[in-house]
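Fold and geometry: a report
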Amino acid sequence: MAGLPTSLFAARSCVASVRIWISMSDRPAVVTRFAPSPTGYLHIGGARTALFNWLFARHTGGKFLVRVEDTDRERSTEPAVAAIFQGLDWLGLKSDAEPVFQFARADRHREAVMDLVAKGRAYRCYMTAAEADAEREQARAEGRALRSPWRDRMPGPAQDAMPYVIRFKGPLDGDTVVEDLVQGTVRFANRDLDDLVLLRTDGAPTYNLAVVVDDHDMGITHVIRGDDHLNNAARQSLIYEALDFAKPAFAHIPLIHGPDGAKLSKRHGAQAVGDFEAMGYLPEALRNYLARLGWSHGDDEIFSDAEAIAWFDIADVGKGAARLDWDKLAHVNAHYLKAAGSERVFDLVVTALTAKGQGLEAEPAARLKLAMPLLQDRGKTILELADQVQFVIAQRPLALDAKANALLTPETVTRLSRLKARLDGTETWNAPDLEALLKDFAQDEGIGFGKFGPALRAILTAGHPSPDLGRVLAALGPKESGLRMDDKLSHSD
RNA sequence: GGUCCCUUCGUCUAUCGGUUAGGACACCAGAUUUUCAAUCUGGGGAGAGGGGUUCGACUCCCCUAGGGACUACCA
């Protein structure tokens, strides 16, 4: 039901892409991969995992691949696949080859399992679910991992029609050592590693088997993933050995937690990469922030992609879990917002405005486009910018509240009329010159800004958030500024 | 319960046995001031606790506490 259309899982292309890597004699020295399971949106933690894989591949001149782990047919959905690809795309983390869909490779996985059975490293297990539960309970009581009684028992005629799974035949003693690039040497006692299921009753491969086979077939050299998989690395290590596959290097990076230290979840505001986009963050800002979360290069905080690529090293990834800090993300975003091209910021602001149900007509849109360079440093996110930009796109005549009207005393109105006359004669309509003109005006009138600034601001912005008056005038342009002033100056005398 | 991982300012982190423990965000104060911001200057703020090892531990080892992951026919 939740199954995926076969078109997305064209086995031919998926398998072929894998074979290309294997047959290439000049295969890169480093191949990393991001392997999400399509059960939801691209999680911000997953995005960081993808980023680290991408950075390491770029740093080493290697390849970055994407593999969709969709072996769980019940939970995998097509919208999730699309959302993940869209998230990666937005973040600028593109796979260097066609993405591989794990489900399409089920035959290859079964083949590997049969190999294991033939080698005596896996066996058919006929336990029912209830029996397995009982067995598990007993194993737990004895302080060891689950083993099946079928481990050393040959099935008889009675089993002929019985369903079975294929379990890995794990060693009973000895240790399995995972040499992790981040966590160091981690030792597991084999008695604690259970005989995990390799093939389900319906013949479908399970995760731990599929990852090993796929990572091997895809030529993955470095498995960089969340440290929630550190335990799995031991189980997978055993499978690599049983299959006679060379093991990749492992790097288990800490997970991202919410601001309160708990596992990141919905209540922390956002989880999906798409949420960050909707909240008005720039992809390059998120990349910078995410890279800095758990990884560092001395005191560097703001850096370009090129610098991140040049500097990134797994050895500099920290071991502790990091918390998401919205303030710092906002700060980084503000930096990139200032540096971004005005046309791009304008487009994003318009999109945000439209999403808020505030579509723009041609004239205010044109005004905003021209004003954008003067305004894009006034917010930390596109959403904040959408608020900061309201005074520009407001339509005449502006409605002033009682407080603003109170500012327009006869004296102030005549004073502003004199200012208007001076503005009308201005040739250089730009923020610094306008600011200077305003200063000169105040001096010539023998007054401080406080005597006419608030009133002028009210006339020009109707109380919307706005920058320095020089910038306000510049942003509005000579025509709109003049009209807004005329609106209020001509008929209150 | 078992196994494994983690622990420096509020947060992200630097430090790779010898530093007045540095930076960034946040916070506080001051400057600026025509709203709100921004900006500039200054300030407070940390090695979870306890044992060792060492001439000397944030750094190495052990214990405890706290946090996290795994312990599925999920990935």
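Provided above is the structure to which this section pertains.
Below, the structure is looked at part by part. Please read these numbers as outputs of a predicted model, since none were measured by experiment.

**Looking at the overall build of chain A**
The helix and strand inventory of chain A stands at 20 helices and 12 strands. Projected onto the principal axes, the alpha-carbon positions of chain A cover approximately 105 × 45 × 45 Å. Here chain A holds 493 residues, and 50% of them are scored as buried. Look at the contacts in chain A between residues 6 or more apart in sequence, and 77% of them connect residues 24 or more apart. As displayed, chain A offers around 22,800 Å² of accessible surface, 52% of which is attributable to carbon and sulfur atoms. In chain A, 59 positive and 68 negative side-chain charges are present, and the distance between their average locations comes to 2 Å.

**Re the sheet that holds strand β8 (residues 197-199)**
The strand order across the open sheet built from 3 strands is β4-β5-β8, with neighbouring strands paired in antiparallel fashion. Looking at strand neighbours, the two that pair on one side only are β4 (122-125) and β8, the edges of this open sheet. The average undirected angle you get between the axes of adjacent strands in this sheet is 45 degrees.

**Description of the side chain of Asn288**
Within the secondary structure layout, Asn288 lies in helix α9 (residues 283-292). By relative accessible area, Asn288 is classed as buried at 3%.

**Focus on the nonpolar core**
Ranked by size, the top nonpolar core spans 52 residues in total, and within it Val349, Leu368, Met372 and Leu419 carry the most contacts. Of all the elements, helix α20 (residues 469-489) adds the most residues to this core, at 8 residues. Filtering out sequence-adjacent residues up to four positions away, Met372 remains in contact with Ser342, Val345, Phe346, Val349, Leu385 and Val389.

**Structural notes on the protein's contact with RNA strand B**
Around RNA strand B, the structure places 51 residues, and the nearest of them are Arg200, Thr201, Arg378, Glu435 and Ser466. Residue Glu301 places a side-chain N or O atom 2.7 Å away from a base nitrogen belonging to RNA strand B. Taken together, the elements giving at least two residues each to the surface near RNA strand B come down to α5 (129-141), β5 (165-168), β7 (184-189), α7 (230-243), β12 (322-323) and α11 (326-339). A class-by-class count of the residues in the surface near RNA strand B yields 12 nonpolar, 13 polar and 26 charged.

**Quick look at the packing of helix α17 (residues 410-424) against helix α18 (residues 431-445)**
At a closest axis distance of 11 Å, the pairing of α17 and α18 adopts a crossing angle of 135 degrees. With respect to each other, α17 and α18 are oriented oblique. Handedness of the crossing formed by α17 with α18: right-handed. Residues Arg415, Arg418, Leu419, Arg422 and Leu423 of α17 form the contact with α18, whose own contacting residues are Leu434, Leu437, Leu438, Asp440, Phe441, Asp444 and Glu445. For the contact of α17 with α18, the per-class residue count stands at 6 nonpolar, no polar and 6 charged.

**Notes on the pattern of salt bridges**
Counted by the stated rule, this structure contains 40 salt bridges. One salt bridge connects Arg105 with Asp217, and the closest N-O pair in it is separated by 2.7 Å. Within this pair, whereas Arg105 is found in the loop between β3 (100-101) and α4 (106-118), its partner Asp217 is found in helix α6 (residues 207-217), the two being separated by 112 residues in sequence. We note that Arg105, like Asp217, is buried.

**Description of the packing of α17 against α20**
Two elements in contact, α17 and α20, have axes separated by 11 Å at closest approach and are oriented at 140 degrees. By the angle between their axes, α17 is oblique relative to α20. α20 is crossed by α17, and the crossing has left-handed handedness. Within the contact between the two elements, α17 uses Val413, Leu416, Ser417, Leu419, Lys420 and Leu423 and α20 uses Leu473, Gly482, Met485, Asp486 and Leu489. Considering only residue class, the contact of α17 with α20 consists of 7 nonpolar, 2 polar and 2 charged.

**A closer look at the pairing of strand β2 (residues 63-68)**
Extensive coverage of β2 is indicated by the burial of 5 of its 6 residues. As defined by bridge partners, strand β1 (residues 31-34) adjoins β2 across 4 bridges and the pair is classed as parallel. Pairing of Val31 across the sheet is with Lys63, part of β2. Taking the sense of rotation as the criterion, the β-α-β connection linking β1, helix α2 (residues 44-60) and β2 turns out right-handed. Here β2 pairs with β3 via 2 bridges, running parallel. For Val68, the partnering residue across the bridge sits in β3 and is Phe101. With helix α3 (residues 78-91) bridging β2 and its parallel neighbour β3, the resulting β-α-β unit is right-handed.

**Section: α3**
Helix length check: α3 (14 residues) gives 20 Å between terminal C-alpha atoms against 20 Å at 1.5 Å per residue, within 8%. Taken as a whole, α3 has its buried residues at Ala80, Val81, Ala83, Ile84, Gly87, Leu88, Trp90 and Leu91. If you follow the buried residues of α3, they end up packed against β1, α2, β2, β3, α8 (273-278) and α9. For α3, the N-terminal cap is Thr77; the gap from its side-chain oxygen to the backbone nitrogen of Ala80 is 3.2 Å.

**Digging into the packing of aromatic side chains**
Tallied over the entire structure, the rule returns 13 aromatic pairs. Plain terms: the ring middles of Phe303 and Trp311 are 6.0 Å apart, the flat faces sit at 75 degrees to each other, and that makes the pair edge-to-face. Phe303 gets classed as buried once you look at its relative accessible area, which sits at 4%. Judged by its relative accessible area of 24%, Trp311 falls in the partly exposed class. Residues Phe449 and Phe452 carry aromatic rings whose centres are separated by 5.4 Å and whose planes lie at 25 degrees to one another, so their mutual orientation is stacked. Taking relative accessible area as the criterion, Phe449 reaches 30% and is therefore assigned partly exposed. Through successive ring pairs, a cluster of aromatic residues spans Phe52, Trp295, Phe303, Trp311 and Phe312. Here Arg73 stacks its cationic end above the ring of Phe103, 3.6 Å away from the centre of that ring.

Each value, and the rule that gives it
Residues numbered from 1 in each chain as written. Chains lettered and ligands numbered in written order. Predicted model: local features only at pLDDT ≥ 70, side-chain atom pairs only at ≥ 80, totals over all residues. Heavy atoms only, no water. Helix = DSSP H or I, 4+ residues; strand = E, 2+ residues; numbered from the N terminus. Buried < 20%, exposed > 50% of the residue type's maximum accessible area, 1.4 Å probe, protein only. Contact = heavy atoms within 4.5 Å. Areas by Shrake-Rupley, 256 points an atom, 1.4 Å probe, with all protein chains shown as cover. Lys, Arg positive; Asp, Glu negative; His and termini not counted. Charge placed at Lys NZ, Arg CZ, Asp CG, Glu CD. Pairing = 2+ DSSP bridges. Axes fitted to C-alpha atoms, helices over the stretch in contact; angles between N-to-C directions. Core = buried A, V, L, I, M, F, W, Y, C linked by side-chain atoms within 4.5 Å. Near = heavy atom within 4 Å. Polar contact = N/O pair within 3.5 Å; in protein donor to acceptor, adjacent residues only side chain to side chain. Nonpolar A, V, L, I, M, F, W, Y, C, P; charged D, E, K, R; others polar. Parallel < 35°, antiparallel > 145°, perpendicular 65-115°, else oblique. Left-handed = near helix turned anticlockwise from the far one by under 90°. Salt bridge = Lys/Arg side-chain N within 4 Å of Asp/Glu carboxyl O. Right-handed = clockwise from strand over helix to strand, strands pointing away. Expected span 1.5 Å × (residues − 1). Phe/Tyr/Trp six-rings, centres within 6.5 Å; stacked < 30°, edge-to-face > 60°. Lys NZ or Arg CZ within 6 Å of the ring centre and 35° of its normal.

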